[in-house]
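# Descriptive analysis of the structure
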Amino acid sequence: MSQYDPTLSVLGIPDHNIKVAFVCHEYRGNGVRRRQYHVIDAELTYRLTRCPLCGFEALHPNRFYTTHVRVLNGVEMPTVIALHKQRWRCHS
Ligand SMILES: [Zn+2]
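Presented here is an overview of the structure given in this document. These numbers come from a predicted model, not from an experiment.

Cys51 (SG), Cys54 (SG) and Cys90 (SG) make up the full set of protein donors to the zinc ion, lying at 2.2 to 2.3 Å. Mapped onto the polypeptide sequence, the residues donating to the zinc ion form the spacing pattern C-x2-C-x35-C. In this pair, Cys54 is assigned in the loop between strand E2 (35–44) and strand E3 (59–71) and Cys90 in strand E4 (residues 79–90), connecting sequence segments 36 residues apart. Among the residues examined, Cys90 registers a relative accessible area of 26% and is labelled partly exposed.

The following block contains the structure:
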């Protein structure tokens, strides 16, 4: 499924499996390193039918885990993507 996302296209991220939930401003860090960031909350999910390791159709979605990806875009305020990645579990 192809879907145009203006937030990701501005950053030059062509992945259509990433869905942006919301964008906010947030302070991160401690002391002198404390700065304001653009935080993009997004979800990376896709459909898998067969297990890439064993080949059986025994895959089930198994929650998400979150990574924080820094985007180097050269603007004054740094950008971080809080990316929730889909995990899969094989039952065979
Ligand atoms: Zn498997």
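Below, the discussion takes up the pairing of strand E1 (residues 18–28). The sheet contact formed by E1 and E2 spans ten bridges and is antiparallel. Residue Ile18 lies in a different strand from E2, and its bridge partner there is Leu44. In textbook terms, the turn of a hairpin is the stretch between consecutive antiparallel strands, and for E1 and E2 this stretch comprises six residues, one of which, Gly29, has a positive phi near 95°.

Time to look at the environment of Pro6. Counting through the fold element by element, Pro6 comes out in helix H1 (residues 6–11). On the basis of relative accessible area, Pro6 is assigned to the partly exposed category, the value being 45%. Residues Pro6 and Asn62, 56 residues apart in the sequence, show an inter-C-alpha distance of 29 Å.

Of all hydrophobic cores here, the largest spans eight residues; its members are Leu8, Ile18, Ile40, Ala42, Leu44, Val71, Ile81 and Leu83. For this core, the secondary-structure elements that each account for two or more residues are E2 and E4. Here the element with the most residues in this core is E2; it accounts for three residues. Apart from residues no more than four positions distant in its own chain, Leu83 is found in contact with Ile18, Ala42, Glu43, Leu44, Tyr65, Thr66 and Thr67.

Within this structure, the stated rule accounts for one aromatic pair. Taking the centre distance of 6.2 Å and the plane angle of 35° together, the rings of Tyr46 and Trp88 count as tilted. Placement of Tyr46 in the loop between E2 and E3 and of Trp88 in strand E4 is noted, with a sequence separation of 42 residues between them. On the basis of relative accessible area, Tyr46 is assigned to the partly exposed category, the value being 33%.

The rules behind the values
Sequence positions are assigned chain by chain, starting from 1 and proceeding in written order. In keeping with the model being predicted, local features are shown solely for residues with a pLDDT of at least 70 and side-chain atom pairs are shown and tallied solely at 80 or more, while totals for entire chains, interfaces and linings include all residues. Calculation of side-chain values draws on the structure's entire complement of heavy atoms; hydrogens and water are dropped beforehand. The rule for donors is simple: N, O or S, within 2.8 Å of the metal, or within 3.2 Å if the metal is Na, K or Ca. Water isn't counted, so a site may look like it is missing partners. Numbering of helices and strands runs from the N terminus; a helix is a DSSP stretch of H or I covering at least four residues, while a strand is a stretch of E covering at least two. Burial classification: accessible surface area is computed with a 1.4 Å probe over protein chains only, and a residue below 20% of its type maximum counts as buried, one above 50% as exposed, and the rest as partly exposed. Two strands pair if DSSP finds at least two bridges between them. Take the buried Ala, Val, Leu, Ile, Met, Phe, Trp, Tyr and Cys residues and link them wherever side-chain atoms come within 4.5 Å; each set so joined is a nonpolar core. What makes two residues a contact is simply this: any of their non-hydrogen atoms within 4.5 Å. For this analysis, a ring pair means two rings from Phe, Tyr or Trp (six-membered ring only for Trp) whose centres lie within 6.5 Å, classed as stacked if their planes differ by under 30 degrees, edge-to-face if by over 60, and tilted for the remaining angles.

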